[in-house]
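# Analysis of the macromolecular model
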Amino acid sequence: MAMNKIYNPNKIGEIRPNQLITTFGPGAIHDAVKDSVTVLDITFWGEAGKIINDGRLASYFGVTHFRSPKTSDGDDLPVISFPYYHVCSNTKCNRLFDIRNPKFDLTTYLRQGATCPDCGFKAYPARFVMACKEGHLDDFPWDWWVHKGANNCHGDLKLYSTGLSSTLSEMVVECLKCGKKRSMAGSLDKDEFNQNGFKCTGHHPQRPKSKNELCASTEIYPAQRGASNIYFPVIRSAISIPPWTNPLYTLLDEHYPKMKEMEELGYSDVFDRVYEKFFKEKYSRLEFDNAIRVREEKIREFIEIKEMEYKAFVNHADLDYKKDYRFFKALEDIVPAYLRKYFNRIIRIERLREVMVLQGFMRIDPPEPEVDKLSKIVKLSKPKDNWLPGVEINGEGIFIEFNNKTIEKWMEIDGVKKTSEQYKLLFKEYCDKKGWQNSKERDAKYVLLHTFAHLLIKEMSLQSGYSSTAIKERIYSSPTMHGILLYTGSSDKDGSLGGLVELGSEDNFKKLLKAILENSLMCTTDPECTSHDIDVDTLNGSACHSCAMVSETACENGNRLLDRSYVAPLDGKEKNSFFRELIGELCEIVV
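Along each chain, the written sequence defines residue order, and numbers are assigned to residues from 1. For a predicted model such as this one, the threshold for reporting local features is a pLDDT of at least 70, and the threshold for listing and counting side-chain atom pairs is 80 or more; totals across whole chains, interfaces and linings nevertheless cover every residue. Here the side-chain values reflect all heavy atoms present in the structure, with hydrogen atoms and water set aside.

Our next topic: the overall build of the protein chain. Helix and strand definitions follow DSSP, with helices as H or I runs of at least four residues and strands as E runs of at least two, each counted in order from the N terminus. A tally of helices and strands in the protein chain yields 15 helices and 21 strands. The C-alpha extent of the protein chain, read off along each of the three principal axes, is 80 × 70 × 55 Å. Three labels apply to residues, based on accessible area from a 1.4 Å probe with only protein chains included: buried if under 20% of the type maximum, exposed if over 50%, partly exposed otherwise in between. For the protein chain, buried positions account for 55% of its 591 residues. Contact between two residues is taken to exist if any of their heavy atoms lie within 4.5 Å; hydrogens are not considered. A separation of at least 24 residues holds for 70% of the contacts in the protein chain among residues at least 6 apart in sequence. Using a 1.4 Å probe, the Shrake-Rupley method yields the accessible areas, and only the shown protein chains count as cover for residues. As displayed, the protein chain has an accessible area near 28000 Å², and 50% of this comes from carbon and sulfur atoms. Averaged over its 81 positive side-chain charges, the protein chain has a centre that lies 4 Å from the centre of its 85 negative ones. For the purpose of charge, His is not counted, nor are the chain termini; Lys and Arg are scored as positive and Asp and Glu as negative. Throughout, a charge is located at the NZ atom of Lys, the CZ atom of Arg, the CG atom of Asp or the CD atom of Glu.

Dropping the structure here:
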């Protein structure tokens, strides 16, 4: 029996909870049914949805908990129309106007969307906006553009096409007061603005009650409102692992925010009271005190969270990690003798939970996943009860730990050692140029792990039934870590269907590995791809969209730091291949 949905006249579109974290968070532009809008900052949200607890991420962000976006037929997410400028759809009018004009009528807007204040026809949002690397976003300066600079005219404007196409050269802005006209040709060239004195307005559309900021950026970037570089979410995620998934820690997470609130009010015995009322029946005081101590240990670097996950994966058989199968369950098979030189463990993660948290966003340049201090990030404003938006993803995955002794021996090869130093130097320069602090080193080991993960994603999508956009990677690379996690999931309570885990069995993994190594030997863009040296801008070696790159939703590093020559013996780079001998044994190909 179908349920009748409540009609809500204020509703202008829909966004799934996952989309709010990954694509259409506060500050992003979303094309809704009736208009183009921006979701407001979380301090405007009011009541949020389900509380999500993860002690490690909460410690890292300095919050008490996370909340998923509310999902109902009510007023879940407040938005504001953006861009503010709209264009009348009546070709006899073509009025270009700011929707915030005095004639704006909310009732009409909610019923049929934006309408022209002159003729009443429907209007559509303007195509162009202005952004800067400090995270500001504002309307295209139509008045400044048509008058070629600052002026005192401020007349009404119209935007129309002089031809049959929608190319910029055939679009014209006209001032109805002074009669000046100007083509839109060159309107997406930043030099047209930066060299002619136009400055960023310091505007944040997601904070409508805040004054414009004084912007320190020396460059402004014109763009179409749907451009991909207008909004990059800054997301941090964690895989839920023991002991954090154990019932004791789950119960503690429920009461911890209130405990800290009471402690700040001066209640000295709050921990004793809480223990007596909620914990004493099931847990000893020592267990409770240890849980408090672990919960209050401040996590300062994101790499610490990955180190905890890595430890849980490789020690999954220990008793301490077997106490709770609700969010974490792993199964390990013995690695075949012919693969032990390359892999220590191949672990099937039959059940996992990922908590994804939205910290803020960046514009123009994407964030780096393990840089703790991003200089250009616009952080979300924290509400009084100190939370950030997040979602839970339930799913499955495969964890592969490489043989570090073989990696260390491989990194002593002259060609690998040379290119490893190049990657380290170029990545450091890349981070320094963007003002990122506390960036982690990226050497040949990271590039090997990252490239192999991408090749796995491509082949897994063919054999598991999942699309390549649904499989994500997690790279564990440091002096003490040398592994990758490939996983998929869903935000519903059941998660995924098990197709990925099955690829981790001995027979299936052999077929998977054989296909990866064979396919990595060639690229459809060869010889150009194979002969490609490390690129200063992309930080990639022999890698392109035809062979090693995947969807950016699947990659944790923006398709940077990839090199197929580390996996397969490519022409002229044969000695750099980590799997050179295995290709001969498994694929029966002599290189």
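Once that is clear, we can look at the layout of surface pockets. Quantified by volume, the largest pocket comes out at close to 1500 Å³. The definitions used throughout rest on a 1 Å grid laid over the protein atoms alone, on which a cavity is an enclosed set of points accommodating a 1.4 Å probe that cannot get out and a pocket is an open set flanked by protein within 12 Å on both sides along at least five of seven lines; lining residues are those having an atom within 4 Å of a point. If you go around the largest pocket, you meet 49 residues; those closest to its centre are Thr22, Pro233, Ile235, Glu552 and Thr553. Of all the secondary structure elements, the ones that give two or more residues to the lining of the largest pocket are α1 (17–22), β1 (29–31), β15 (232–239), α9 (302–314), β17 (343–362), β20 (472–478) and β21 (481–490). The element contributing the most residues to the lining of the largest pocket is β15, with six residues. Counted by class, the lining of the largest pocket contains 21 nonpolar, 16 polar and twelve charged residues. Grid points are joined across faces, edges and corners, and a volume is the space filled by probe spheres set on the points. When residues are grouped by polarity, Ala, Val, Leu, Ile, Met, Phe, Trp, Tyr, Cys and Pro land in nonpolar, Asp, Glu, Lys and Arg in charged, and all others, Gly among them, in polar.

When pLDDT is averaged along the protein chain, the result is 84; 91% of the residues meet or exceed 70. What pLDDT reports is the predictor's confidence in each residue, on a scale of 0 through 100. Predicted confidence for residues 1–7 stays below pLDDT 50, and this span has two contacts to residues more than four positions away or in other chains.

Glancing now at the packing of aromatic side chains. Two rings belonging to Phe, Tyr or Trp (six-membered ring only in the last case) form a pair when the distance between their centres is within 6.5 Å. Interplanar angles under 30 degrees mark stacking, angles over 60 mark edge-to-face geometry, and anything in between is tilted. Per the stated rule, a full pass over the model turns up 38 aromatic pairs. Between Trp410 and Phe578, the aromatic rings sit 5.7 Å apart at their centres with planes inclined by 85°, giving edge-to-face as the arrangement. With Trp410 in helix α10 (residues 404–410) and Phe578 in the loop between α14 (506–520) and α15 (580–586), the pair connects residues that are 168 residues apart, well separated along the chain. Each of the two residues, Trp410 as well as Phe578, counts as buried. One aromatic cluster is present, formed by Tyr342, Phe343, Phe402, Trp410, Tyr423, Phe452, Phe509, Tyr566, Phe578 and Phe579 through successive ring pairs. Only lysine NZ and arginine CZ atoms are considered, and such an atom sits over a ring when it is within 6 Å of the ring centre and within 35 degrees of the ring normal. The ring of Tyr476 has Lys306 sitting right over it, with the charged end atom 5.7 Å from the ring centre. Here Arg442 stacks its cationic end above the ring of Tyr446, 4.1 Å away from the centre of that ring.

A few words now on the nonpolar core. Nine residue types can take part in a nonpolar core, namely buried Ala, Val, Leu, Ile, Met, Phe, Trp, Tyr and Cys, and a core is a set of them joined through side-chain atoms within 4.5 Å. Among the nonpolar cores identified, the biggest contains 62 residues, and Phe343, Phe402, Phe452, Ile484 and Phe579 are the most heavily contacted of them. Residue assignment for this core shows that the elements contributing at least two residues are β17, β19 (387–402), α10, α11 (414–434), α12 (444–464), β21, α14 and α15. For this core, the element with the highest residue contribution is α12, accounting for eleven residues. The contact partners of Phe452, leaving out residues within four places of it in the chain, are Phe343, Ile400, Phe402, Ile484, Leu513, Ile516, Val567 and Phe579. Of all hydrophobic cores here, the second largest spans 29 residues; its members include Tyr231, Ala238, Ile299 and Ile393.

A few words now on α14. By this rule, a helix spans an expected 1.5 Å times one less than how many residues it contains. End to end, α14 covers 21 Å across 15 residues, agreeing with the expected 21 Å (1.5 Å per residue, within 8%). Buried within α14 we find Phe509, Leu512, Leu513, Ala515, Ile516, Leu517 and Ser520.

Of the positions making up helix α7 (residues 270–279), those classed as buried are Val270, Phe271, Val274, Tyr275 and Phe279. Each buried residue of α7 sits inside an arc of 130° when the element is viewed along its axis, so together they form one side. In this context, the arc is that of the directions from the helix axis out to the C-beta atoms.

Think of it this way: DSSP has to see at least two bridges between two strands before they count as a pair. Read from one edge of the open sheet, three strands run β1-β2-β5, paired in antiparallel fashion. Each edge of the sheet is formed by a strand with only one pairing partner; in this case those strands are β1 and β5 (79–81). For this sheet, the mean angle separating the axes of adjacent strands, direction not counted, is 40°. Axes here mean lines fitted to C-alpha atoms, for a helix over just the part in contact, with angles spanning 0 to 180 degrees between N-to-C directions.

What follows deals with the environment of Tyr231. In this fold, Tyr231 is placed in the loop between β14 (221–224) and β15. Residue Tyr231 is classed as buried on the basis of its relative accessible area, which comes to 10%. C-alpha of Tyr231 to C-alpha of Ser505: the two residues are 274 residues apart in sequence and 40 Å apart in space. If we skip the residues at most four places from it in the chain, Tyr231 touches Thr23, Gly25, Pro26, Gly27, Ala28, Leu358, Phe361, Met362 and Arg363.

What follows is about the packing of α7 against helix α8 (residues 285–296). Relative orientation of the contacting elements α7 and α8 amounts to 120°, with a least axis distance of 11 Å. In terms of orientation, α7 lies oblique with respect to α8. Note that α7 runs across α8; the crossing there is right-handed. On α8, the residues touching Phe271, Asp272, Tyr275 and Phe279 of α7 are Arg285, Phe288, Ile292 and Glu296. By definition in this entry, angles of less than 35 degrees are roughly parallel, angles greater than 145 are roughly antiparallel, angles of 65 to 115 are roughly perpendicular, and the rest are oblique. For a crossing to be left-handed, the near helix must be turned anticlockwise from the far one by less than a right angle; the clockwise case is right-handed.

Strand-to-strand pairing in sheets goes through backbone hydrogen bonds, with the strands running parallel or antiparallel. Here we have three strands laid out as an open sheet, ordered β10-β9-β14, and antiparallel in their pairing. Each of the sheet's edge strands pairs with one partner strand only, and the pair in question is β10 (137–139) and β14. Direction aside, neighbouring strands of the sheet carry axes that sit 35° apart on average. Of the pairings in the sheet, the one linking strand β9 (residues 128–131) to β10 comprises three bridges and is antiparallel in character.

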